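# Overview (structure and organization)
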Amino acid sequence: MAEPLAIDGGRPVRPQMLRYAGQSVDDADIRAVEAVLRGDWLTTGPAVAEFERGLCSRTGAKFAVALNTGTAALHAAAVAAGIGPGDDVIVPAISFVASANCVLYCGGRPVFADVCRDTLTIDPADVERRLTPQTRAVVAVDFGGQPCDYDALAALAARRGFRLIQDAAHSLGATYHGKQVGALGTLATLSFHPVKHITTGEGGAVLTDDPAEAKLARSLRHHGIDLDLHARNQGSSWVYDVVSLGYNYRIPDINCALGISQLQKLDGWLARRRQLVAGYRRALGGLAMLELPEECDGRRSAWHLYVVRLHLDRLDVSRAQVFGALRAENIGVNVHYIPIPWMTHYARLGFQRGQWPVAEGEYERLLSLPLFPAMTDQDHADVVTALHKVWRAYGR
Ligand SMILES: *Cc1c(COP(=O)(O)O)cnc(C)c1O
């Protein structure tokens, strides 16, 4: 007899919910933030530039522009890529909605492409099929932390003349053929939301090797003000000029102080993520209901998410029931992501289901297991125990 599941009135594997992701903040982080709070600059001060230098030296990007969210970074990247009304931008059908919204902010038209079955990253062959003379950019999302097929995407970009925007919200610290994310020749964006690799509370950054793109992102962050004029006049004149439609996307020094301190711990956290992933592989490899995520040759994932896929033909129940059963065991599983074109706002724009067979088919099988550096070995063991319990109850 299998032990009764918590959802059927049995005892949960653990007494409290294990979150699927979350930040690690230590005393050094708190001291760094406190020092800024006691200083002169809460925003637009030296911590912003120091954080940007730290991002450049960690990733190898020539320029980093820090902004107040990853979504603002995507918007700035889309503007820097020159996207405007009349432009098509190809976006993967599976991602967080911000990957597509940045196109709409600029008045462009998102065109959704299907993803590769193995990695769930944008499929270069499908990108090629969906190119139009109006295609100005492709947003490539490093799903779960694994870089996309940049050899194929860059070759296509060079041949067909579009800019590659790399949504690297999941992939800080990942490598592609030994090169760091941020140094792949793309216009890349990061997010520092608390579930991501490092946090600033809220925050993001644009990474580029192109000085003109960096300058545009910097100006857009600060109301579209002409920053050269501003620098020349500093302290000696009231004159400033607004040369484009900008926003207030500035990130405070308070947040950047946290980011600087967090960045020092990134490598240790990446190693802990890899260790947890190796543990999942050992403990779950034999469960016939699961297909585990894999790294492709030449790509090293930053393991932001651990997305497994259910073999529904080996289960008596649906994904929703497995999800509910694991939540009842106090394992905070999640699903990343519902296809963006399925969202009401996108349906209203005319997108209809059924155009992305891989993304829409695989979506039905996705399940994200908890993965974050502060997770303890006991937390990890609880996830494994709960999955085995569910397999005994529902497996066939
Ligand atoms: C988190 C995330 C973003 C947006 O970042 P925010 O900092 O939350 O605005 C964009 N794209 C992807 C794929 C993300 O996961």
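Refer to the preceding data block for the structure.
Here goes a summary of the coordinates provided. Just so you know, these numbers come straight off a predicted model, no measurement behind them.

### A few points about the nonpolar core
If you look at the biggest cluster of nonpolar residues, it comprises 48 residues, and the most contacted ones within it are Leu67, Ile83, Phe112, Ile165 and Val206. Those elements giving two or more residues to this core turn out to be β1 (63–67), α3 (70–80), β2 (88–92), α4 (98–105), β4 (135–141), α7 (211–221) and α13 (357–363). Contacts of Val206, omitting those with residues within four sequence positions, involve Phe63, Ala64, Val65, Leu67, Ala73, Ala76, Ala77, Leu187, Ala188, Thr189 and Ala217. Judged by nonpolar contacts, the second largest core, of 32 residues, contains Leu18, Val308, Ala325 and Val384.

### Focus on the side chain of His170
Examined against the element boundaries, His170 turns out to sit in the loop between β5 (163–167) and β6 (175–176). Looking at His170, its side chain comes within polar contact range of the main-chain nitrogen of Gly144, at 2.9 Å. Only 2.9 Å separates the side chain of His170 from the side chain of Tyr337, close enough to count as a polar contact. Look past the residues within four positions of His170 in its chain and what remains in contact with it is Asp142, Phe143, Gly144, Gly145, Lys196, His197, Ala302, His304, Leu305 and Tyr337.

### A word on the pattern of salt bridges
One pass over the full model with this rule turns up 25 salt bridges. Taking the shortest distance from any N to any O, the salt bridge between Arg58 and Asp267 comes out at 2.6 Å. Of the two residues, Arg58 sits in helix α2 (residues 46–59) while Asp267 sits in helix α10 (residues 266–284), which places them 209 residues apart along the sequence. By relative accessible area, Arg58 is classed as buried at 18%. The residue Glu362 makes a salt bridge to Arg365 at a minimum N-O spacing of 2.8 Å. Like Arg365, Glu362 is buried. Counted as one network, the salt bridges with shared partners bring together Arg117, Glu291, Arg309, Glu362 and Arg365.

Procedures and definitions
Residues numbered from 1 in each chain as written. Predicted model: local features only at pLDDT ≥ 70, side-chain atom pairs only at ≥ 80, totals over all residues. Heavy atoms only, no water. Core = buried A, V, L, I, M, F, W, Y, C linked by side-chain atoms within 4.5 Å. Buried < 20%, exposed > 50% of the residue type's maximum accessible area, 1.4 Å probe, protein only. Helix = DSSP H or I, 4+ residues; strand = E, 2+ residues; numbered from the N terminus. Contact = heavy atoms within 4.5 Å. Polar contact = N/O pair within 3.5 Å; in protein donor to acceptor, adjacent residues only side chain to side chain. Salt bridge = Lys/Arg side-chain N within 4 Å of Asp/Glu carboxyl O.

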